[in-house]
Amino acid sequence: MSIDIYVCWTVERRPRKGRLDMRVTKAQAEQNRAHIVATAARLFRERGYDGVGVAELMAAAGFTHGGFYKHFRSKADLMAEASASGLSQTVARTEGLDPAEFVERYVSREHRDGRGDGCTIAALGGDAARQPADIKTEFAAGIENLLTALQTQSDTPGNADQRTTRTMVIHMLAHSVGAVMLSRACPDGSPLADEILDICREEILASLAHGNNDQPATRSPQA
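This structure is a prediction, so every number in the text was calculated from the model and none was measured.

*Asks:* Can you break down the overall build of the chain residue by residue, with the values?
*Replies:* When helices and strands are counted, the chain shows nine helices and zero strands. Secondary structure elements of the chain, listed N to C terminal, follow the sequence α-α-α-α-α-α-α-α-α. Looking at the 223 residues of the chain, the share that counts as buried comes to 35%. A separation threshold of at least 6 residues defines the contact pool for the chain, and within that pool the share at least 24 residues apart is 66%. For the chain, the exposed surface amounts to about 14000 Å²; the carbon and sulfur share of it is 53%.

Shown next, in the form of structure tokens:
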């Protein structure tokens, strides 16, 4: 006697991946990339471009080292993108500030001590001078955007031409950045570090108030 045995397989039907799932995956990848860039921008400002490696950077962002190359071809590519991101943040924070307000916030102990959250120009300007052209290009674009934002908010006399205003803004920005960099070069908590900030801030503000775009407000007899 023959026995026929029938075996029934139950197949679980899964929803097909459609465009919506692909969008979510792409959006998550973009979000992860943005998070890595933001983390890199902060760490580079704190330690310099050579002060943090890819493995440490990825760990700080919450990802594995191997995942880095899914987003970037090299560390240099990330450096350029992180620089552009940091410079954009500086410009965004400047919007709505007139030059005097900018100087008060920029040439300050809070900015000097908050290196990781501060201006990319003051934190990495020295490093950028020794980097490839693509990073210098990002800095040039960021500085130009910052100058434009400051020039737009400048409270200069109505008859001042654009060149005069631009000269004033470049003078102000260069002295402000230099003051922060000099102060940071001194030991933490040293009297000289604070003295540099205090004197430079007063001189820049006095120069703005007097409309003297070419020279500091006060000069010693020997100058």
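*Asks:* Hey, could you go over the pattern of salt bridges for me, with residue numbers and the actual values?
*Replies:* Following the criterion strictly, the structure yields eleven salt bridges and no others. Arginine 112 is the salt-bridge partner of aspartate 113, the closest N and O atoms lying 2.9 Å from each other. We classify aspartate 113 as exposed; its relative accessible area is 58%. Note that glutamate 144 and arginine 166 form a salt bridge whose closest N and O atoms lie 2.9 Å from each other. Linking glutamate 144 in helix α7 (residues 133-153) with arginine 166 in helix α8 (residues 162-185), this pair joins segments that are 22 residues apart in sequence. Each of Arg109, Arg112, Asp113, Asp194, Asp198 and Arg201 takes part in salt bridges that share partners, so that together they form one network.

*Asks:* Talk me through the packing of helix α4 (residues 99-106) against helix α9 (residues 191-210); I want residue IDs and the actual numbers.
*Replies:* As a packed pair, α4 and α9 sit with axes 10 Å apart at the nearest point and diverge in direction by 180°. Our classification of the angle between α4 and α9 gives roughly antiparallel. Facing Pro99, Ala100, Val103 and Glu104 of α4, the residues of α9 in contact are Arg201, Ile204, Leu205 and Leu208. Of the residues assigned to the contact of α4 with α9, the class counts are six nonpolar, no polar and two charged.

Criteria and cut-off values
- Residues numbered from 1 in each chain as written.
- Predicted model: local features only at pLDDT ≥ 70, side-chain atom pairs only at ≥ 80, totals over all residues.
- Heavy atoms only, no water.
- Helix = DSSP H or I, 4+ residues; strand = E, 2+ residues; numbered from the N terminus.
- Buried < 20%, exposed > 50% of the residue type's maximum accessible area, 1.4 Å probe, protein only.
- Contact = heavy atoms within 4.5 Å.
- Areas by Shrake-Rupley, 256 points an atom, 1.4 Å probe, with all protein chains shown as cover.
- Salt bridge = Lys/Arg side-chain N within 4 Å of Asp/Glu carboxyl O.
- Axes fitted to C-alpha atoms, helices over the stretch in contact; angles between N-to-C directions.
- Parallel < 35°, antiparallel > 145°, perpendicular 65-115°, else oblique.
- Nonpolar A, V, L, I, M, F, W, Y, C, P; charged D, E, K, R; others polar.

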